[in-house]
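So the chains spell out like this:
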Amino acid sequence: MSVNEMTKKVRELKELKAMAEELAAEISTIEDEIKQEMLMQGVDEMQVDVFKIRYKTVISNRFDSKAFKATHADLYSQYTKQTESRRFTVA
């Protein structure tokens, strides 16, 4: 691929990412408006036309690796494994 073709691809990628960010922000705004309405109505589930909307509290349990490392550093290092990946960035 030539330098001009690569430049064109990178510019196109940057434009598409900007559009995706705008769409993500718009989606988030609409979701927040729906959530706010549900909170004002005091409901965690609604039927709207053919859509069922839920905004419920979910409880999950997660392992606190930072606390475990602080109290059991030897075990933490024994069970820690190194992984390798590649990161793609455009600045």
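In the block above lies the structure referred to throughout.
A. The arrangement of the pattern of salt bridges in detail. Scanning the model with the defined rule gives four salt bridges in all. Across the pair D32 and K35 runs a salt bridge whose closest N-O atoms are separated by 3.9 Å. You can see D32 and its partner K35 sitting in helix 1 (residues 3–41), three residues apart, about one turn around the helix. Exposure remark for D32: the relative accessible area of 42% places this residue in the partly exposed category. A relative accessible area of 28% means that K35 is categorised as partly exposed.

B. Spatial organisation of unusual backbone geometry. Although it is not a glycine, D49 adopts a positive phi angle of roughly 55 degrees. Note that D49 resides in the loop between strand 1 (45–48) and strand 2 (51–54).

C. Looking closely at the pairing of strand 2. Summarising the sheet, strand 1 and strand 2 pair through four bridges and their orientation is antiparallel. When the sheet's bridge partners are listed, E45 is paired in strand 2 with R54. Between the antiparallel neighbours strand 1 and strand 2 lie two residues, among them D49 with a positive phi of about 55 degrees.

Here is what the cut-offs are and how they apply
Residues numbered from 1 in each chain as written. Predicted model: local features only at pLDDT ≥ 70, side-chain atom pairs only at ≥ 80, totals over all residues. Heavy atoms only, no water. Salt bridge = Lys/Arg side-chain N within 4 Å of Asp/Glu carboxyl O. Helix = DSSP H or I, 4+ residues; strand = E, 2+ residues; numbered from the N terminus. Buried < 20%, exposed > 50% of the residue type's maximum accessible area, 1.4 Å probe, protein only. Pairing = 2+ DSSP bridges.

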